[in-house]
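Overview (structure and organization)
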Amino acid sequence: MTRQSLVAANWKMYGTWTGVNNILATIKQGLAQNAGGEVAIFPPFVYLAKVARLLHGTKITSGAQDICSVTGEGAHTGEVSGVMLRDVGCRYVIVGHSERRTLYGETDTMVARKFFAAQEAGLVPILCVGEQLDERESEQTEAVIARQLDVILEHPGGVASLAKAVIAYEPVWAIGTGKTATPAQAQAVHAFIRGKIAAHDQPIAEKIRILYGGSVKSTNAADLFAMPDIDGGLIGGASLDAPQFLEICRAAR
Ligand code: PGA
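Summary of the structure given here. (Residues numbered from 1 in each chain as written. Predicted model: local features only at pLDDT ≥ 70, side-chain atom pairs only at ≥ 80, totals over all residues. Heavy atoms only, no water.)

1. Considerations on the environment of L133
Residue position: L133 is located in helix 6 (residues 133-137). L133 sits in the partly exposed class, given a relative accessible area of 34%. It is 5.2 Å that separates the C-alpha atoms of L133 and W173, two residues lying 40 residues apart in sequence. Residues within four places of L133 in sequence aside, it is in contact with W173 and K179. (Helix = DSSP H or I, 4+ residues; strand = E, 2+ residues; numbered from the N terminus. Buried < 20%, exposed > 50% of the residue type's maximum accessible area, 1.4 Å probe, protein only. Contact = heavy atoms within 4.5 Å.)

Dropping the structure here:
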């Protein structure tokens, strides 16, 4: 089964009004002849509508870094709903990024609620999973990933929901640290994730895209993307450097 690759640029809380124009101009020009994989941009909320407008007419898609609210519209000062994200042009939304889990106390249960709320709003969730360094060192990696996946898989309709979702494996110790999982380490976890989904539904397991994230750079992207169960990347730091990001996109084709 061939899966279309996806390279996602997670800009985190970086960018300015002018900076967005500049970086997107370079990316659009660099991907004008891009026949292969999919590329998606994840700017901060305030730039979402602008990014969607600048990408209009291109094949590049976009999404949000989080779905704040799991409810529909209402008296929730300061929140943003999934329907609103869809309305301003998002196709995807990242849920359960490790920075949200560790800095903002998001639990597996909250992440699951966000995952299903995103789908209900017509967004494709990108579910992030990954272990901390001490968990890897104490050989808990698979147990942690299994727990993070089970909140989705054990939900009624859970495995079917993965037909319209993406998973990102991001070892927490590799995020923003310059320390990347080796292609073999990443492949082992990707294969574990796919195997776990296959135990529930083989066709969905073969179809779902599983991205790797954590210090992906132009220098290591090709080796990671060459692994059979790695279908692209979730790129943080290197996605803010347009020429480097373009090289990563080329490596995914
Ligand atoms: P990084 O971030 O590429 O800077 O390690 C990845 C991510 O947090 O998604």
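2. Overview of the packing of aromatic side chains
Evaluated as defined, the whole model comprises four aromatic pairs. Summarising the aromatic geometry, the rings of W17 and Y47 are spaced 6.4 Å apart at their centres and angled 55° between planes, so their arrangement reads as tilted. Of the two residues, W17 is situated in helix 1 (residues 17-30) and Y47 in the loop between strand 2 (38-42) and helix 2 (48-55); the sequence distance between them amounts to 30 residues. A relative accessible area of 13% places Y47 in the buried class. Ring centres of F42 and Y92 lie 6.3 Å apart, and the angle between their planes is 45°; this geometry places the pair in the tilted category. Of this pair, F42 sits in strand 2 while Y92 sits in strand 4 (residues 92-95), and the two are 50 residues apart along the sequence. Assigned by exposure class, F42 and Y92 land together as buried. Positioned above the aromatic ring of W17 is the side chain of K50, whose terminal nitrogen or guanidinium carbon lies 3.6 Å from the ring centre. In this arrangement the basic side chain of R100 is found over the ring face of Y104, its NZ or CZ atom lying 4.4 Å from the centre. (Phe/Tyr/Trp six-rings, centres within 6.5 Å; stacked < 30°, edge-to-face > 60°. Lys NZ or Arg CZ within 6 Å of the ring centre and 35° of its normal.)

3. Examining the layout of surface pockets
Regions of empty space are outlined by a rolling probe, equal in size to a water molecule, passed over the atoms. Considering only enclosed or pocket space, the largest pocket measures out at about 420 Å³ in volume. Around the largest pocket sit 15 residues that line it, and K12, M13, Q65, R100 and Y104 are the ones nearest its centre. When its residues are assigned to classes, the lining of the largest pocket shows eight nonpolar, three polar and four charged. (1 Å grid on protein atoms, 1.4 Å probe; cavity = no way out; pocket = protein on both sides within 12 Å on 5 of 7 lines; lining within 4 Å. Points joined across faces, edges and corners; volume = space filled by probe spheres on them. Nonpolar A, V, L, I, M, F, W, Y, C, P; charged D, E, K, R; others polar.)

4. Digging into the sheet that holds strand 4
As summarised here, the arrangement of the eight strands in space is 1-2-3-4-5-6-7-8, forming a closed barrel in which the pairing is parallel. If you compare each strand with its neighbour and ignore which way they point, the axes differ by 25° on average. Where strand 7 (residues 209-213) and strand 8 (residues 232-235) come together, two bridges link them in parallel fashion. Following the sheet pairing, G213 is matched in strand 8 by L234. Against the sheet, helix 7 (residues 141-153) contacts strand 5 (124-129) and strand 6 (166-169), and its axis sits at roughly 155° relative to strand 5. (Pairing = 2+ DSSP bridges. Axes fitted to C-alpha atoms, helices over the stretch in contact; angles between N-to-C directions.)

5. Points about the site of the ligand
Around the ligand sit 13 residues in total, of which K12, H97, E170, G176 and S215 are the nearest. In the model, an oxygen atom of the ligand is placed 3.5 Å from a nitrogen or oxygen of the N10 side chain. A distance of 2.7 Å is found between an oxygen atom of the ligand and a backbone nitrogen or oxygen belonging to S215. Protein burial of the ligand: of its 280 Å² of free accessible surface, 97% is covered by the chains. When its residues are assigned to classes, the shell around the ligand shows four nonpolar, seven polar and two charged. (Near = heavy atom within 4 Å. Polar contact = N/O pair within 3.5 Å; in protein donor to acceptor, adjacent residues only side chain to side chain. Areas by Shrake-Rupley, 256 points an atom, 1.4 Å probe, with all protein chains shown as cover.)

6. Regarding the packing of helix 1 against helix 12 (residues 242-252)
Their axes nearest at 9 Å, the elements helix 1 and helix 12 cross at an angle of 30°. In terms of orientation, helix 1 lies roughly parallel with respect to helix 12. Once helix 1 is placed against helix 12, the crossing between them reads as right-handed. Across the interface between the two elements, I23, T26, I27 and G30 from helix 1 touch A242, F245, L246 and R250 from helix 12. (Parallel < 35°, antiparallel > 145°, perpendicular 65-115°, else oblique. Left-handed = near helix turned anticlockwise from the far one by under 90°.)

7. Some points on the side chain of R3
Tracing the backbone through its elements, the reader meets R3 in the segment before strand 1 (6-10). At a separation of 2.8 Å, a polar atom in the side chain of R3 contacts the main-chain carbonyl oxygen of E206. Residues in contact with R3, not counting those within four places in the same chain, are R194, E206, K207, I208, R209, P228, D229 and D231.

8. A closer look at the environment of P203
Mapping P203 onto the fold places it in helix 10 (residues 202-207). The class for P203 is exposed, based on a relative accessible area of 56%. Taking the C-alpha atoms as reference points, P203 and A163, 40 residues apart in sequence, are found 9.0 Å from one another.

9. A few points about the pairing of strand 2
Remark: a regular strand shows side chains that alternate across the two faces of the sheet. Strand 2 sits mainly inside the fold: five of its five residues count as buried. When strand 1 meets strand 2, the two strands line up parallel, connected through five bridges. Across the sheet, L6 pairs through a bridge with E38, a residue of strand 2. Crossover strand 2 to strand 3 (residues 61-64) through helix 2 is right-handed. (Right-handed = clockwise from strand over helix to strand, strands pointing away.)

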